Amino acid sequence: MEESYSYPLDLDWSQSEMVVVMEMWQVLEDVYEKGVEKEAFLSVYKKFKTVVKSIGEERQLGKDFEAASGYSLYRTVQEAKKTPGTILKMKGA
């Protein structure tokens, strides 16, 4: 992972929408770096989907974030949906 990178954001979003998307990227980092309660992750993801409604936009933002950080939104969401435990922890790319 690169130590310093920018979060992928759309400059057309409102400030509150940017905060929601930035929260998604921050919790995704936490899933990889220390682990997060699965329900907390899914709650942030649900808020993220109120801003990023299109699956195509979600995929593009996820790819951009993964290219910068090495952390996969897609794989993390899939893991959260199928993992029975309470703590979600992903291994690095």
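What counts, and at which threshold
- Residues numbered from 1 in each chain as written.
- Predicted model: local features only at pLDDT ≥ 70, side-chain atom pairs only at ≥ 80, totals over all residues.
- Heavy atoms only, no water.
- Buried < 20%, exposed > 50% of the residue type's maximum accessible area, 1.4 Å probe, protein only.
- Helix = DSSP H or I, 4+ residues; strand = E, 2+ residues; numbered from the N terminus.
- Arc of directions from axis to C-beta.
- Contact = heavy atoms within 4.5 Å.
- Polar contact = N/O pair within 3.5 Å; in protein donor to acceptor, adjacent residues only side chain to side chain.
- Axes fitted to C-alpha atoms, helices over the stretch in contact; angles between N-to-C directions.
- Parallel < 35°, antiparallel > 145°, perpendicular 65-115°, else oblique.
- Left-handed = near helix turned anticlockwise from the far one by under 90°.
- Nonpolar A, V, L, I, M, F, W, Y, C, P; charged D, E, K, R; others polar.
- Core = buried A, V, L, I, M, F, W, Y, C linked by side-chain atoms within 4.5 Å.
- Phe/Tyr/Trp six-rings, centres within 6.5 Å; stacked < 30°, edge-to-face > 60°.
- Salt bridge = Lys/Arg side-chain N within 4 Å of Asp/Glu carboxyl O.

- Per an unreviewed UniProt entry, the chain carries the name UPF0223 family protein and comes from Vagococcus proximus.

### A few points about helix 4 (residues 73–82)
Line of reasoning, step 1. Inspection of helix 4 places L73, T76, V77 and A80 among the buried residues, and these make up the whole buried set. The buried residues of helix 4 occupy an angular sector of 100° when projected down its axis, which confines them to one face. Along helix 4, exposed side chains directed more than 90 degrees from the buried face belong to Y74 and K82.
Line of reasoning, step 2. Turning to helix 4, the residues buried within the fold contact helix 1 (15–33), helix 2 (38–51), helix 3 (55–69) and strand 2 (87–88).
Line of reasoning, step 3. Backbone nitrogen of Y74 and a side-chain oxygen of the N-cap are separated by 3.5 Å at the start of helix 4; the cap is S72.

### What to know about the packing of helix 2 against helix 4
Line of reasoning, step 1. At a closest axis distance of 10 Å, the pairing of helix 2 and helix 4 adopts a crossing angle of 125°. Between helix 2 and helix 4, the angle is such that the two are oblique. Between helix 2 and helix 4 lies a crossing of left-handed hand. For the pair formed by helix 2 and helix 4, the contact residues are K38, F41, L42, Y45 and F48 on the first element and L73, T76, V77 and A80 on the second.
Line of reasoning, step 2. Among the residues forming the contact of helix 2 with helix 4, the class breakdown is seven nonpolar, one polar and one charged.

### A look at the nonpolar core
Line of reasoning, step 1. Residues M24, W25, L28, F41, F48 and L73 are the most contacted members of the largest nonpolar core, which totals 27 residues.
Line of reasoning, step 2. Elements that contribute at least two residues to this core include exactly helix 1, helix 2, helix 3 and helix 4.
Line of reasoning, step 3. Looking at this core, the element that brings in the most residues is helix 1, giving nine residues.
Line of reasoning, step 4. Leave out the neighbours within four places in its chain, and M24 touches F41, V44, Y45, F48 and L73.

### What to know about the packing of aromatic side chains
Line of reasoning, step 1. Scanning all chains against the criterion turns up seven aromatic pairs.
Line of reasoning, step 2. Judged by centre distance (5.6 Å) and plane angle (65°), the rings of W25 and F48 are edge-to-face. Highlighted residues: W25 in helix 1 and F48 in helix 2, separated in sequence by 23 residues.
Line of reasoning, step 3. Classification of F48 by relative accessible area gives buried; the value is 0%.

### Some remarks on the pattern of salt bridges
Line of reasoning, step 1. Applying the stated rule across the entire model yields five salt bridges.
Line of reasoning, step 2. Where E23 meets K47, a salt bridge forms, and the shortest distance between an N and an O atom there is 3.2 Å. Of this pair, E23 sits in helix 1 while K47 sits in helix 2, and the two are 24 residues apart along the sequence.
Line of reasoning, step 3. Look at E23 and you get partly exposed, because its relative accessible area is 29%.

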